[in-house]
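Commentary on secondary and tertiary structure
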Amino acid sequence: MPDMSASVSLAMTHLVPLAKEVDENKVTPGVLGFIVFAVMALAVWGLMKSMSRQLGKVDFKETPDPEAETASETASAKPGQS
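Scoring rules and cut-offs
Residues numbered from 1 in each chain as written. Predicted model: local features only at pLDDT ≥ 70, side-chain atom pairs only at ≥ 80, totals over all residues. Heavy atoms only, no water. Helix = DSSP H or I, 4+ residues; strand = E, 2+ residues; numbered from the N terminus. Buried < 20%, exposed > 50% of the residue type's maximum accessible area, 1.4 Å probe, protein only. Areas by Shrake-Rupley, 256 points an atom, 1.4 Å probe, with all protein chains shown as cover. Patch = residues over 30% accessible without salt bridge, like charges linked within 9 Å, V, L, I, M, F, W, Y side chains within 5 Å. Salt bridge = Lys/Arg side-chain N within 4 Å of Asp/Glu carboxyl O. pLDDT = per-residue confidence, 0-100.

Thoughts on the overall build of the protein
Scanning the protein from terminus to terminus reveals 3 helices and 0 strands. Ordered by position from the N terminus, the helices and strands of the protein form the series α-α-α. Taken over 82 residues, the protein has a buried fraction of 1%. When the accessible surface of the protein is split by element, carbon and sulfur atoms take 66% of a total near 7,800 Å².

Focus: a nonpolar patch on the surface
Among the surface-exposed residues, Val31, Phe34, Ile35 and Val39 lie close enough to one another that they form a single nonpolar patch of about 360 Å² accessible area. Take Val39: it is sitting in helix 2 (residues 30-57). On the basis of relative accessibility, which here comes to 51%, the residue Val39 falls in the exposed class.

Some thoughts on the confidence of the model for the protein
Confidence in the prediction of the protein, expressed as mean pLDDT, is 77, and 59% of residues score 70 or more. Model confidence for the protein, summarised as mean pLDDT per element, is weakest for helix 1 (residues 6-20) at 66 and strongest for helix 2 at 95.

Given below as structure tokens:
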């Protein structure tokens, strides 16, 4: 496995024997499954925290457009009336 990094191969050598200690007739995700799930949960938590921080920076108040106001005023005024 030359394309695997050293840390991944080191983790696999330590985690695979732990998975072998479980009963062979029982199917479980094991320690490796728990570690993968925990890393994914931490990643989702970090993304949600970042998203809430970014949404907190957004200003939802719109400033009125002066050009749109003058256009609507001239369109609402009837011709011949001043």
